[in-house]
Amino acid sequence: MVLRVDLDGERPLNAPRDLDASMKLLKYTFLGLTVLIVIVAAVLAYVVATFDPNQYKPRIVQAVKDRMQRNLKLEGDIKLSFWPNMGARVGGAALSERGSDREFAAVRDARVSVKLMPLFSRQIIVDAVEVKGLRANLVRYKDGKTNADDLIGVPAGAKPGPKSDGASPPVVVDIAQVVIEDSALVYTDQAAGATYALSGLNLKTGRIAQGVPVPVDLSVKAQSSKPKLNVDGTLKTRVTFDLEKRRYALQELDLSIKGDAAGISNLVASAKGDIDARPDSREFTASRLALAVTGKQAAGGLNLKLDLPNLNITRDRVSGDKITLDATLSEAKRKLVASVNIPAIEGTAQAFKAGQMIVNIDLQQEGAAIKVKLASALAGSVAQERIELPKFAAAVNVNDPKLPKNPLEASINGAALVDFAKQTANMTFATRFDESNINGRVGLARFTPPAYTFDLNIDRLDADRYMAKPGSRSQQPEQPFDLAALKGLNATGTIRIGSLKVSNVKASNVRLDIKATDGRVDVSPMAANLYQGSLAGALVVNARATPTFAVRQNLSAISIGPLLRDLADNDSLAGRGNVSLDVTTQGTTVTALKKALNGAAAVKLTDGAVKGIDIAGSIRGAKARLGTLRGEQVQQADGKQKTDFSELTATFAIRDGVARNNDLSLKSPLLRVGGEGDVNIGEDRLNYLVKASVVGTTKGQGGRELGDLQGITVPVRVTGPIGAPSYKLDFNALATEAVKQKIEQTVKSRLEERLLGGATKGSAAKDGASREKSPRGGGLQDSIKGLFGR
C-alpha cells in the first residue's frame, strides 16, 4: 500500500521515505533545542548563583545622579530572578526631586515578576506585582509641567512623537495579581491651588486581562482641599474591561464611602448592583442598582435614595422597569422632600417613551409651605441624546400666613427639552398665578458652567401681595442680606410687565434686561412709565466681595406728589418735572447702604407746592411779632399749609450718606427762595437753611400785607426727621434786615435830597424837632417801633 499525502499542494510524496526523513529532522531539532535550553538554563543558574546586584548599588546610584540629577537611596537588598520568571525585588528605596534632596517617592518593599518565555511572542504575562509602603508626591506647576516629566521621557519643549502606523502587532498584557499595601499618594496642583491625597491605600486584585472578570478589593482614605473632602472608601467588585471594544463592566458592585464631603458631614454613601457600559456605541445596562446617601449639612440633614431595578439600552432596544428617586433635605428652618417616579420605559435607541412621570416637591420653611406636583409623559432618543417632556402640567400651592394674600395657587402648563449633545435645555410655559397671567421661556445655554436664559411676559403683577405684612415680624436687629447665590450665577434675559405694583409704587410697560456674570448683575435698560411720566436707567449689583450697588435713573415729566405719597407715605411736595439720580453704595444691610451713599442727584419741578409750611403766611405773622423780638419761633410742619411755586430746582452732592445742597431755587410771583444745607439720609435727619425774599405784593398768601417787607430776606431753619421736620423763623435776623433796609432807604433819600437841592429849611426844622422828641439811645427796639408802628 502506498500512502500519499500532498502537504504542499505541488507534488506527491513517497510516504515511507519522506516520513522517515521528516522524523529524523524532527528528532535532531528537538535534541538541539533541548541542548540549547540546558545550556541557557545552566548559564542562568550560574549567573543567579554568582551575580550579586547589590555590588552595583554605588554605580546605580551614581548613574541616576548623573543622568537624572536625582538622589537614589537603596537601603535594602536587591534580588533578581531569571528562570522560569524574570523578576526583581527591592527592599527600601527612595528617590528625590530633580536637583533637590526633597523626597519624590519611596517604597518599603516592591516585587515584580514576569514570565520569561511569553516575551518572545510579544506577550507580557506578569506573575505578580507587589508594592508595600509606597509614598509618592506628584506636583503640577503653574506652567503645566510636573515634577515627573523627566522620568516619563518628556523633556522641556518636546513635541509628541509620530503615531504608530499600526503595522506592529499589539502587545498582550496579562497580570496574575496586583497587591498594594499601606501606600500613600499626594498630588498638588499649583495652578488650581488644590491638593489631593490618598492614604492607607490597600488594593488586591485577581488576574488582570482583557475580557476576564477581575476581582477587586480596595480600601483607601481620600482627602482634598478643593473641594473639601475627607472620606474613607471601600470597594468590592468584579471588573471586566475590553480596551479594544471600549467596554467596561462592574459586577456585584459594593461601594461604601464615609466621612465629610462637599459641605456634608457624617456622610454615608453606598452603591450596589451591576453596571455594563459601552460608551462608543452608547449602550448601557444596569440591574439591581441601588444608590443611597445620608449625611448632615449646616443644621440639617440629607437623605437620598435611588432604585433602578433594570435598565437596558442597546443599539436596537431600550427597556426598563420603574425608576424611583426619593430625597429629603433639611436645615434649621427649612425642609425639602422630593420624589420622582418614572414608569416602565419602552422603545428603540432612536425613540423611546414612558408613561406618566410624577414629580412631587414639598418645601416647609418658617411656617410657610410650598407644594408642587408635576405630571408628564417622558420621551427621548439615545441616538440624539435627548430627553423630552412633551406636555407637562404642574400644580403649585403656597401657604404662608405672613403674606397679605394666602394661600396662593397656580397651574403651569408647558413643555421641556434637554439636549445632552448640544449641552442645552429649554422650557416653555404658561400659567395663571393669582391675578397674573405669565408666559415665557427659560433654559440653559450650556451645562458647565451653567448659563441660564429667560424671557418672561407678565400682564400684571402686584408684588405687595406676596411680601410679608408690615409688623408681622417681631422687632429684631437688622439682618444682613446674603448675595452669595449671585457669585456663581450666569444668566441673560428679559422681563416685561404690563402693570406693576411694588412697595406701593405703580408702574406700567416695565422692561428689565438682565445680565448676570460671576457675581455681577447688570439691569440695563430699566424702563417704565409711571406717574404721568417715564423712567429710564440702569442698575448694577456686584456681589464679588462686599456687595456694591450703582443706580443711574432719570425720571422725566413725573408727578412728584403721588410718587412720594405711594413710595414713602410723604405728602410734602407737589409738582411735575424731572428727577435724576446717579449714586453708588455698598454694604450688607439697608442702614449700611444708606450711610455709604455717594454720587449726585438733581430735581427740577414746575407748578407745584412745598407742603407743611406757608412761608408767605409765616412772614406775615412775623411782621406782627417784630416788635416783641423774641428771637425764633418754632413751627411744626402742618399738612394744611403750603408754599406754592412756579419753578423749583436743586442739585445735591452726596457723600457718605449725606446729601449737600447749596443752590436751591424756588420761584413764585410773591417769593424767591434759596437755601443750602444737608440731608442726612443715613440718619434720616434734615439741617437746612431756607432764605425767602419777598419780591411782590400781589394778593394771595397775604401779598398786600407784606408790602413793607418787600426785598427783605427771611431765614427759615428746617431741622428734624425727614418725614416730620420743624421750621424755625429767625426774628432777630428778620428785624435786623428790616432796620438795615429802612436805614438804607433813609440814607438814600437824604443823599438824593441834598444832591438835588430839594431840602427846605422847613423840612430841616421838622426833622430836627422830630429828633429832639426821640429819646437818645432808644436802641433797636424803638427804631423798629418807629418804622413799623404806623
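## Remarks on the overall build of the chain
1) Next: Assigned secondary structure in the chain consists of 8 helices and 40 strands.
2) Next: Residues classed as buried in the chain amount to 32% of the 790 residues present.
3) Next: Sequence separation of at least 24 residues holds for 49% of the intrachain contacts in the chain that already meet a minimum separation of 6.

## Brief notes about the packing of aromatic side chains
1) Next: Applying the stated criterion to the full structure yields 3 aromatic pairs.
2) Next: Between Tyr187 and Tyr196, the aromatic rings sit 6.1 Å apart at their centres with planes inclined by 20°, giving stacked as the arrangement.
3) Next: Residue Tyr196 is classed as partly exposed on the basis of its relative accessible area of 32%.
4) Next: Their ring planes at 75° and their centres at 6.2 Å tell us that Phe420 and Phe447 sit as a pair that is edge-to-face.

## Considerations on the pairing of strand β37 (residues 671-680)
Two faces, one strand: in a regular strand the side chains alternate between the faces of the sheet.
1) Next: Side chains Leu671, Val673, Gly675, Gly677 and Val679 project from β37 onto a buried face, and the interleaved Arg672, Gly674, Glu676, Asp678 and Asn680 project onto a face without burial.
2) Next: As paired elements, strand β36 (residues 658-667) and β37 share 8 bridges and run antiparallel to each other. Counted as the bridge partner of Ser665 is Gly674 from β37.
3) Next: Between the end of β36 and the start of β37, which pair antiparallel, lie 3 residues.
4) Next: Pairing between β37 and strand β38 (residues 685-694): 10 bridges, direction antiparallel. The residue bridging Val679 from the neighbouring strand is Leu686, located in β38.
5) Next: From the end of β37 to the start of β38, which pair antiparallel, there are 4 residues, and Asp684 there has a positive phi angle of about 60°.

## Considerations on a nonpolar patch on the surface
1) Next: There is a patch of nonpolar side chains on the surface, built from Met68, Leu151 and Ile152 and spanning about 250 Å² of accessible area.
2) Next: Along the chain, the position of Met68 falls in helix α2 (residues 57-68).

## Regarding the pattern of salt bridges
1) Next: A full pass over the atoms with the stated rule returns 25 salt bridges.
2) Next: With its nearest N and O atoms 2.8 Å apart, the salt bridge here joins Asp280 to Arg246. You can see Asp280 sitting in the loop between β13 (264-278) and β14 (283-297) and its partner Arg246 sitting in the loop between β11 (229-242) and β12 (247-261), a full 34 residues away along the chain.
3) Next: The exposure class assigned to Asp280 is exposed, which follows from its relative accessible area of 55%.
4) Next: One salt bridge connects Glu683 with Lys595, and the closest N-O pair in it is separated by 3.5 Å. Here Glu683, found in the loop between β37 and β38, pairs with Lys595, found in helix α4 (residues 590-595); they are 88 residues apart in sequence, far enough to count as distant.
5) Next: We classify Lys595 as partly exposed; its relative accessible area is 40%.
6) Next: In this structure, a network of salt bridges that share partners links the residues Asp434, Glu435, Arg460 and Arg465.

## A few points about α2
1) Next: Under the 1.5 Å per step criterion, the end-to-end length of α2 is 16 Å for 12 residues, consistent within 8% with the ideal 16 Å.
2) Next: Phi turns positive one or two residues past the end of α2, at Gln69, with a value near 55°.

## Quick notes on the nonpolar core
1) Next: Ile560, Leu563, Val673, Val716 and Val718 are the most contacted members of the largest nonpolar core, which totals 63 residues.
2) Next: With 21 residues, the next largest nonpolar core counts Leu311, Ile323, Phe352 and Leu378 among its residues.

## A look at helix α3 (residues 560-568)
1) Next: Listed as buried for α3 are Ile560, Gly561, Leu563 and Asp566.
2) Next: Of the residues flanking the end of α3, it is Asp569, one or two places downstream, whose phi is positive at about 55°.

## Some points on the confidence of the model for the chain
A low pLDDT score tells you not to read the predicted coordinates there in detail.
1) Next: Considering every residue of the chain, the mean pLDDT works out to 79; 75% of them sit at 70 or more.
2) Next: Across the chain, strand β27 (residues 490-502) holds the top mean pLDDT of 94, while helix α8 (residues 779-788) sits lowest at 43.
3) Next: Predicted confidence is poor over residues 698-705, with pLDDT under 50, and the contacts of this stretch with residues over four places away or in other chains come to 18 contacts.

## A short note on the side chain of Ser436
1) Next: With respect to the helices and strands, the residue Ser436 is situated in strand β25 (residues 436-446).
2) Next: The class of Ser436 is buried, set by a relative accessible area of 1%.
3) Next: Ser436 has contacts with Thr431, Ile458, Asp459, Arg460, Leu461 and Tyr466, leaving out every residue within four places of it along the chain.

## Here's the deal with the environment of Lys73
1) Next: Checked against the element boundaries, Lys73 lands in strand β1 (residues 72-74).
2) Next: The class of Lys73 is exposed, set by a relative accessible area of 52%.
3) Next: When the C-alpha atoms of Lys73 and Leu95 are compared, they prove to be 6.4 Å apart, with 22 residues separating the residues in sequence.
4) Next: Once you skip the residues sitting within four places of it in the chain, Lys73 turns out to touch Gly92, Ala93 and Ala94.

## Describing the pairing of strand β9 (residues 194-205)
1) Next: Relative to β9, strand β8 (residues 178-189) is paired through 8 bridges, and the arrangement is antiparallel. Residue pairing in the sheet places Ser183 in a bridge with Leu201 of β9.
2) Next: In sequence, β8 turns back onto β9 through a hairpin of 4 residues, with Gly193 there showing a positive phi of about 65°.
3) Next: Sheet topology note: the β9/strand β10 (residues 214-224) ladder contains 8 bridges and is antiparallel.

Each value, and the rule that gives it
- Residues numbered from 1 in each chain as written.
- Predicted model: local features only at pLDDT ≥ 70, side-chain atom pairs only at ≥ 80, totals over all residues.
- Heavy atoms only, no water.
- Helix = DSSP H or I, 4+ residues; strand = E, 2+ residues; numbered from the N terminus.
- Buried < 20%, exposed > 50% of the residue type's maximum accessible area, 1.4 Å probe, protein only.
- Contact = heavy atoms within 4.5 Å.
- Phe/Tyr/Trp six-rings, centres within 6.5 Å; stacked < 30°, edge-to-face > 60°.
- Pairing = 2+ DSSP bridges.
- Patch = residues over 30% accessible without salt bridge, like charges linked within 9 Å, V, L, I, M, F, W, Y side chains within 5 Å.
- Areas by Shrake-Rupley, 256 points an atom, 1.4 Å probe, with all protein chains shown as cover.
- Salt bridge = Lys/Arg side-chain N within 4 Å of Asp/Glu carboxyl O.
- Expected span 1.5 Å × (residues − 1).
- Core = buried A, V, L, I, M, F, W, Y, C linked by side-chain atoms within 4.5 Å.
- pLDDT = per-residue confidence, 0-100.

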